[in-house]
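# Breakdown of the fold
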Amino acid sequence: MPTRRQFWPHCGRPKHVADHAKHAFLPHSRRRVRCVVNLPKEPVMDDKPAPVDVKRMPVERLASLLSNAYRKRVPVEQIQADINAGAPTNSDGTVNVVNYTAWLLQEKHRGD
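Let us look at the structure shown here. (Residues numbered from 1 in each chain as written. Predicted model: local features only at pLDDT ≥ 70, side-chain atom pairs only at ≥ 80, totals over all residues. Heavy atoms only, no water.)

On to the overall build of the protein, then. Summing up its helical and strand segments, the protein has 4 helices and 0 strands in all. Beginning at the N terminus, the succession of helices and strands in the protein can be written as α-α-α-α. Every one of the 112 residues in the protein was classed for burial, and the buried ones make up 21%. Sequence-distant contacts, at least 24 apart, represent 28% of the contacts inside the protein between residues at least 6 apart. For the protein, the exposed surface amounts to about 9,800 Å²; the carbon and sulfur share of it is 55%. (Helix = DSSP H or I, 4+ residues; strand = E, 2+ residues; numbered from the N terminus. Buried < 20%, exposed > 50% of the residue type's maximum accessible area, 1.4 Å probe, protein only. Contact = heavy atoms within 4.5 Å. Areas by Shrake-Rupley, 256 points an atom, 1.4 Å probe, with all protein chains shown as cover.)

Okay, structure coming up:
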């Protein structure tokens, strides 16, 4: 005796709904098949920001970076005062962010 599916093949859920794009958006499908879009490997940006080099960062850029991180304005004069107090700098006047952060932590614990 034939089953119901043999008489009405359009009734019921197909076995592999996610594999068939024509059934992907039917309300009875378990998983939805998403469109596959070939995106470029690098995001396309017209005004691409300059890469940040943490080993050689100008004082103005460091002040901007710290201001964004703290969500409070860090003036350039404060960083320049730290440099005058002995914060490590590169020979060209730029700041290594890792060394500067280590120096700040050392100065903080020196006062304790």
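So that's the structure; there's more coming.
Attention now goes to the pattern of salt bridges. One pass over the structure, following the stated rule, counts 2 salt bridges. A salt bridge links Asp92 to Arg56; the shortest N-O distance between them is 3.3 Å. Highlighted residues: Asp92 in the loop between α3 (76–84) and α4 (97–110) and Arg56 in the loop between α1 (4–7) and α2 (59–70), separated in sequence by 36 residues. Relative accessible area serves as the criterion here: at 44%, Arg56 is assigned to the partly exposed category. The partner of Glu107 in a salt bridge is Arg110, with the nearest N and O atoms 3.1 Å apart. With Glu107 and Arg110 both in helix α4 and 3 residues apart, this pair spans about one turn of that helix. Assessed through its relative accessible area of 30%, Glu107 is described here as partly exposed. On the accessibility criterion, Arg110 (57% relative accessible area) is exposed. (Salt bridge = Lys/Arg side-chain N within 4 Å of Asp/Glu carboxyl O.)

Listed in full, the buried residues belonging to α3 are Ile79, Asp82 and Ile83. Looking straight down α3, one finds its buried side chains confined to an arc of 100 degrees; they lie on one side. What points out from α3, more than 90 degrees from its buried face, is the exposed set Glu77 and Asn84. Buried-residue contacts for α3 involve α2 and α4. Gly86 sits one or two residues past α3 and shows a positive phi near 120 degrees. (Arc of directions from axis to C-beta.)

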